[in-house]
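Residue-level structure breakdown
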Amino acid sequence: MIKAKKTAMGMTLASLVLGMLGGLAACGAKTGTSREPDAYEGCATDEVWRTLDEAQQANRVRTDDAQAPRFLQPVTEGATLPGTTPPTIEWQPSSTTAGNANGDATCEKCPTCGTPATLVAPHEAPVAGTVFDLQFSAVGGTPYRVLTTVQSLTVPANVWQSWRGKQVSVTALRAVLTNGELQGDAYRSAQPLSFSVSN
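Residues numbered from 1 in each chain as written. Predicted model: local features only at pLDDT ≥ 70, side-chain atom pairs only at ≥ 80, totals over all residues. Heavy atoms only, no water.

1. Concerning the environment of Ser189
Secondary-structure assignment places Ser189 in the loop between strand 11 (186–188) and strand 12 (193–197). Counting along the chain gives 126 residues from Ser189 to Thr63, while the straight-line C-alpha distance between them is 5.4 Å. Residues contacting Ser189, with those up to four places away along its chain left out, are Thr63, Asp65, Ala68 and Ala172. (Helix = DSSP H or I, 4+ residues; strand = E, 2+ residues; numbered from the N terminus. Contact = heavy atoms within 4.5 Å.)

As structure tokens, this is what we get:
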């Protein structure tokens, strides 16, 4: 049996090690309560996921079609999109704000975000700017969720193929962050946008 050795401060070496391990586990833990995103693009990180979860729990997500992201052609309500190749899906921050294709967010890895890049490191520098949370679902198809700071995405081919012959619904949320914290409220539309993917 190994006896615990006392440190000068009265803590046992074992409790010190356990405390450090617990701290490391908490540091890397993903604490979001909603479904974890399948992808993080641009400056988006898992910390952004937690920030948006907290906004939901604090009733800081508002339903407002004028303030919610607006999808652009070819993704419109009731559209039928080809099932062979996933199109690039584009949107603007709101019905009155065009934004720009690369978004307005900045972060340590992407000072002025350009080509979307998936960032999966557990801890990134705080994000400043607009972030989008897009959640796609189709009965019998693979769900897909992406957090991004750019204004376009291409759904992975394997997910797109699972949507062939199905109706797909997408909800989009817009939030503005400063130093990783939500500014004001986040916004989404009253109803998901629905489109079909052909066989």
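2. Considerations on the layout of surface pockets
Space inside the largest pocket adds up to approximately 210 Å³. Elements represented by at least two residues in the lining of the largest pocket include exactly strand 3 (70–71) and strand 9 (166–178). Residue composition of the lining of the largest pocket, by class: seven nonpolar, two polar and three charged. (1 Å grid on protein atoms, 1.4 Å probe; cavity = no way out; pocket = protein on both sides within 12 Å on 5 of 7 lines; lining within 4 Å. Points joined across faces, edges and corners; volume = space filled by probe spheres on them. Nonpolar A, V, L, I, M, F, W, Y, C, P; charged D, E, K, R; others polar.)

3. Focus on the packing of aromatic side chains
Counted by the stated rule, this structure contains six aromatic pairs. Ring centres of Phe136 and Tyr144 lie 6.4 Å apart, and the angle between their planes is 40 degrees; on these two criteria the pair is classed as tilted. Each member of the pair, Phe136 as well as Tyr144, is classed as buried. Here a set of aromatic residues connected by ring pairs shows up, and it is made of Phe136, Tyr144, Trp160, Trp163 and Phe195. (Phe/Tyr/Trp six-rings, centres within 6.5 Å; stacked < 30°, edge-to-face > 60°. Buried < 20%, exposed > 50% of the residue type's maximum accessible area, 1.4 Å probe, protein only.)

4. Brief notes about unusual backbone geometry
Here the residue pair Gln73 and Pro74 is connected by a cis peptide bond, since its omega of 5 degrees sits within 30 degrees of zero. Despite not being glycine, Asn59 shows a phi value in the positive range, around 55 degrees. Take Asn59: it is sitting in the loop between helix 2 (46–57) and strand 2 (61–63). Phi at Asn179 is positive, roughly 50 degrees, even though this residue is not glycine. When you line up the elements, Asn179 lands in the loop between strand 9 and strand 10 (181–182). Under the relative-accessibility criterion, Asn179 is labelled exposed at 58%.

5. Concerning the pairing of strand 6 (residues 129–137)
For strand 6, a buried count of seven out of nine residues is recorded, marking the element as mostly surrounded by other parts of the structure. Relative to strand 7 (residues 144–148), strand 6 runs antiparallel, the two sharing five bridges. Across the sheet, Phe136 pairs through a bridge with Tyr144, a residue of strand 7. Counting the residues that bridge the hairpin from strand 6 to strand 7 gives six residues, and of these Gly140 lies at a positive phi of roughly 80 degrees. (Pairing = 2+ DSSP bridges.)

6. Here we look at the environment of Gly180
Along the chain, Gly180 falls in the loop between strand 9 and strand 10. Of the residues examined, Gly180 reaches a relative accessible area of 17% and is grouped as buried. Excluding residues that lie within four positions of it along the chain, Gly180 makes contacts with Thr51, Pro126 and Val127.

7. Observations concerning helix 2
If you check helix 2, its first and last C-alpha atoms are 17 Å apart, about what twelve residues at 1.5 Å a residue would give, namely 16 Å. Most of helix 2 sits out of view: nine of its twelve residues are buried. Along helix 2, the positions that sit buried rather than exposed are Asp46, Glu47, Val48, Trp49, Arg50, Thr51, Leu52, Asp53 and Ala55. Next to the buried residues of helix 2 lie strand 1 (39–41), strand 2, strand 6, strand 7, strand 9 and strand 10. Directly after helix 2, the chain includes Asn59, whose backbone phi takes a positive value near 55 degrees. (Expected span 1.5 Å × (residues − 1).)

8. Comments concerning the nonpolar core
Among the nonpolar cores identified, the biggest contains 24 residues, and Phe71, Leu134, Phe136, Tyr144, Val155, Trp163 and Phe195 are the most heavily contacted of them. Looking at this core, the elements with two or more residues in it are strand 5 (88–92), strand 6, strand 7, helix 3 (157–162), strand 9 and strand 12. Of all hydrophobic cores here, the second largest spans 18 residues; its members include Ala55, Cys107, Ala175 and Leu177. (Core = buried A, V, L, I, M, F, W, Y, C linked by side-chain atoms within 4.5 Å.)

9. So, the pairing of strand 7
Among the five residues that make up strand 7, five are buried, leaving the element largely enclosed by the rest of the structure. The pairing of strand 1 with strand 7 spans three bridges and is parallel. Opposite Tyr40, over in strand 7, you have Leu147 as the bridge partner.

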